[in-house]
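Given next are the chains, with one letter for each unit.
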Amino acid sequence: MAAANRRPASVSRQRNEAITTPKKALDRKPDPFPALLVMASVYGMSGQLEEGWAVAAKTVKTNPGYGVEKGWLPYKKMADTEAIRNSFRKVGIPECPTK
């Protein structure tokens, strides 16, 4: 059972790369919103919730009108869309924003 809970090193490397790429984009691009969404999702999916909560707070501050259900997610498979939405929920991005 313990072996089943371990993740291969490649998964950990991929997660690190998934965080590094949007961080670089934040340094170069004046509109941080897309990069913040990616980071919030990766943190939510990887279970790094404290980091995710901090990024989600920045995301909501950057675009207060964004919400889990309102957001545009360009995925063909509904399961992929739901996985992203669930990762947003885990880090505290609101379901329906209040204006």
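Conventions we followed
Residues numbered from 1 in each chain as written. Predicted model: local features only at pLDDT ≥ 70, side-chain atom pairs only at ≥ 80, totals over all residues. Heavy atoms only, no water. pLDDT = per-residue confidence, 0-100. Helix = DSSP H or I, 4+ residues; strand = E, 2+ residues; numbered from the N terminus. Contact = heavy atoms within 4.5 Å. Buried < 20%, exposed > 50% of the residue type's maximum accessible area, 1.4 Å probe, protein only. Core = buried A, V, L, I, M, F, W, Y, C linked by side-chain atoms within 4.5 Å. Salt bridge = Lys/Arg side-chain N within 4 Å of Asp/Glu carboxyl O. Axes fitted to C-alpha atoms, helices over the stretch in contact; angles between N-to-C directions. Parallel < 35°, antiparallel > 145°, perpendicular 65-115°, else oblique. Nonpolar A, V, L, I, M, F, W, Y, C, P; charged D, E, K, R; others polar.

## Quick look at the confidence of the model for the protein chain
Turning to step 1, where the next piece is worked out: Mean pLDDT over the protein chain stands at 81; residues scoring 70 or higher make up 83%.
Turning to step 2, where the next piece is worked out: Element-level pLDDT for the protein chain is lowest in helix 1 (residues 2–5), with a mean of 44, against a maximum mean of 92 in helix 4 (residues 49–62).
Turning to step 3, where the next piece is worked out: Contacts of residues 1–9 to residues separated by more than four positions or lying in other chains number 1 contact, the stretch itself having pLDDT below 50.

## Examining the environment of P97
Turning to step 1, where the next piece is worked out: With respect to the element layout, P97 can be found in the segment after helix 5 (78–91).
Turning to step 2, where the next piece is worked out: According to the relative accessible area criterion, P97 is partly exposed, its value standing at 25%.
Turning to step 3, where the next piece is worked out: The spacing of P97 and V68 is 29 residues in sequence and 8.5 Å in space, taken between C-alpha atoms.
Turning to step 4, where the next piece is worked out: When residues no more than four places from it in sequence are discounted, the contact partners of P97 are P64, G65, Y66 and G67.

## A short note on the nonpolar core
Turning to step 1, where the next piece is worked out: In this structure, L37, A40, V55, Y66, F88 and I93 are the most contacted members of the largest nonpolar core, which totals 17 residues.
Turning to step 2, where the next piece is worked out: Ranked by residue count, the leading element in this core is helix 3 (residues 33–46), at 7 residues.

## Some remarks on the pattern of salt bridges
Turning to step 1, where the next piece is worked out: The tally for this structure, following the rule as stated, stands at 5 salt bridges.
Turning to step 2, where the next piece is worked out: A salt bridge links E69 to R85, with the nearest nitrogen and oxygen atoms 3.8 Å apart. Of this pair, E69 sits in the loop between helix 4 and helix 5 while R85 sits in helix 5, and the two are 16 residues apart along the sequence.
Turning to step 3, where the next piece is worked out: With its nearest N and O atoms 2.9 Å apart, the salt bridge here joins R89 to E95.
Turning to step 4, where the next piece is worked out: Note on E95: relative accessible area 33%, which makes it partly exposed.

## Examining the environment of W53
Turning to step 1, where the next piece is worked out: With respect to the helices and strands, W53 occurs in helix 4.
Turning to step 2, where the next piece is worked out: By relative accessible area, W53 is classed as partly exposed at 46%.
Turning to step 3, where the next piece is worked out: When the C-alpha atoms of W53 and F88 are compared, they prove to be 9.5 Å apart, with 35 residues separating the residues in sequence.
Turning to step 4, where the next piece is worked out: With sequence-adjacent residues up to four places away left out, W53 is seen in contact with K90, V91 and G92.

## Re the packing of helix 3 against helix 5
Turning to step 1, where the next piece is worked out: Interhelical geometry of helix 3 versus helix 5 gives an angle of 85° and a closest axis separation of 8 Å. As the angle between them shows, helix 3 and helix 5 are arranged roughly perpendicular. Residue-level inspection shows L37, A40, S41, Y43, G44 and M45 of helix 3 in contact with helix 5, the latter providing A83, I84, S87, F88, K90 and V91.
Turning to step 2, where the next piece is worked out: For the contact of helix 3 with helix 5, the residue count by class is 8 nonpolar, 3 polar and 1 charged.

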